[in-house]
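A closer look at the structure
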Amino acid sequence: MRLHLTELLDEPVAAISPPMIRSWHARALRGKGGRTSISQSYRFIRAVLNVAVNDGAIERNPCLIPGAGNQSSPERSIATPAQVATLIDATTPRYRAAVALGAWCGLRRGEICGLQVSDVDLKAGTITVRRNRVELLESGRKFDKDPKSEAGKRTVSIPPHVLPLLRDHVNEFSAGGHFFADANGDQARGNTVYQAFVRARRFAGVDISFHDLRHTGQSLAAATGASLIDLKKRLGHSSLAAAQRYMHAVEGRDVAIAQALSDLAGRADVGRLPDRF
């Protein structure tokens, strides 16, 4: 929103008119910004101007563009477990664990880069998310801040098959208290992690984004029987609607669902997750 709303920030509220909003919105759509952030910016300025209407500062809200605040989430790509393994193997060793945590623990890139060694309990098999690493491209500033919401502060169980990779990583690459560190021992930059992933993606021929790793892991978690409440907690979301965006169809899952229902009918313990998806 900092990128999209700059031209409106210095305008008096009473001076913002429908033509001005339409002109701003059209320029934003022609720019390089994503549609999601533009929709978020439109909803923000509309909410601010609604307050101005309620306070009597303006007679009506000039944000009158139909559908401008709607945010549609297209179906995102997800990888198969085999493709995730291929991506990890193709990633430079220093950042393989980052790809694994994105896919199998659903951590955001900023959460991954913000991890300290003390946040990762390999004995208990958990990761505690306490901070999010922020890098402002326009100013070059880098700093740690709280996760996106209180729900983002969470402890995530690590799938057992990921633990050996994390043990090797902390012994070989962690430095200065940072779980992810560069070759100089400084906290790893998000862009460095991203570029390592892009190279691996190109080599492996898997067409997904780094954020799609998060969708992948949680879709597979849903396929094992995890509920929306489970995913909400694991993803660190404050609403079920947000968690639902991460549930995607897994090929062949309907047959497995039918079998799981029969298995469920034959046992009394409904709290036990299926052995496989």
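One can find the structure itself at the top, above this paragraph.
The rules behind the values
Residues numbered from 1 in each chain as written. Predicted model: local features only at pLDDT ≥ 70, side-chain atom pairs only at ≥ 80, totals over all residues. Heavy atoms only, no water. Helix = DSSP H or I, 4+ residues; strand = E, 2+ residues; numbered from the N terminus. Contact = heavy atoms within 4.5 Å. Areas by Shrake-Rupley, 256 points an atom, 1.4 Å probe, with all protein chains shown as cover. Phe/Tyr/Trp six-rings, centres within 6.5 Å; stacked < 30°, edge-to-face > 60°. Buried < 20%, exposed > 50% of the residue type's maximum accessible area, 1.4 Å probe, protein only. Pairing = 2+ DSSP bridges. Core = buried A, V, L, I, M, F, W, Y, C linked by side-chain atoms within 4.5 Å. Axes fitted to C-alpha atoms, helices over the stretch in contact; angles between N-to-C directions. Parallel < 35°, antiparallel > 145°, perpendicular 65-115°, else oblique. Left-handed = near helix turned anticlockwise from the far one by under 90°. Nonpolar A, V, L, I, M, F, W, Y, C, P; charged D, E, K, R; others polar. Polar contact = N/O pair within 3.5 Å; in protein donor to acceptor, adjacent residues only side chain to side chain.

**Focus: the overall build of the protein**
Across its full length, the protein carries twelve helices and five strands. Relative to all contacts within the protein whose residues are 6 or more apart in sequence, the contacts with residues 24 or more apart total 62%. Surface exposure of the protein reaches about 15,400 Å², of which carbon and sulfur atoms provide 52%.

**A look at the packing of aromatic side chains**
In this structure the tally under the stated criterion is two aromatic pairs. Geometrically, the ring pair formed by F179 and F180 is edge-to-face, given 5.1 Å between the ring centres and 80 degrees between the ring planes. The class for F179 is buried, based on a relative accessible area of 0%. With centroids separated by 5.3 Å and ring planes inclined at 85 degrees, the aromatic side chains of F197 and F210 adopt a geometry described as edge-to-face. Placement of F197 in helix α8 (residues 190-204) and of F210 in helix α9 (residues 210-223) is noted, with a sequence separation of 13 residues between them. Residue classification places F210 among the buried residues on the basis of a relative accessible area of 5%.

**Regarding the pairing of strand β2 (residues 126-129)**
The two faces of β2 match: T126 and T128 on one face and I127 and V129 on the other face are all buried. Here strand β1 (residues 120-121) pairs with β2 via two bridges, running antiparallel. Looking at β2, one finds that D121 is bridged to T126. Counting the residues between successive antiparallel strands, the hairpin from β1 to β2 contains four residues, one of them, G125, with a positive phi of roughly 75 degrees. Relative to strand β5 (residues 154-157), β2 is paired through four bridges, and the arrangement is antiparallel. Within β5, the position partnered with I127 by the bridge is V156.

**Some words on the nonpolar core**
Membership of the largest hydrophobic core comes to 37 residues, with the highest contact counts inside it found for L101, L107, L166, F180 and L213. With seven residues, helix α5 (residues 96-104) is the largest single contributor of residues to this core. If sequence neighbours within four positions are ignored, L107 has contacts with L101, G102, I112, L115, I127, V129, R154, V156 and R214. Within the second largest apolar cluster, 13 residues are counted, among which are L5, L8, I21 and Y42.

**Quick word on the packing of helix α4 (residues 81-90) against α8**
At a minimum axis distance of 8 Å, the contact between α4 and α8 shows a crossing angle of 120 degrees. Taken together, α4 and α8 sit at an angle that is classed as oblique. The handedness of the crossing between α4 and α8 comes out as right-handed. Where α4 approaches α8, its residues T86, L87 and A90 are matched on the opposing element by F197, A200, R201, F203 and A204. Its residues assigned to classes, the contact of α4 with α8 comprises six nonpolar, one polar and one charged.

**Points about the sheet that holds β1**
Here three strands make up an open sheet; going across it, the order is β1-β2-β5 and the pairing antiparallel. The two strands at the open ends of the sheet, each matched to only one other strand, are β1 and β5.

**Let's talk about the side chain of R133**
Tracing the backbone shows R133 in strand β3 (residues 132-135). Only 3.2 Å separates the side chain of R133 from the side chain of D144, close enough to count as a polar contact. Those residues in contact with R133 that sit more than four places away from it in its chain are G110, C113, G114, K142, F143, D144 and Q187.

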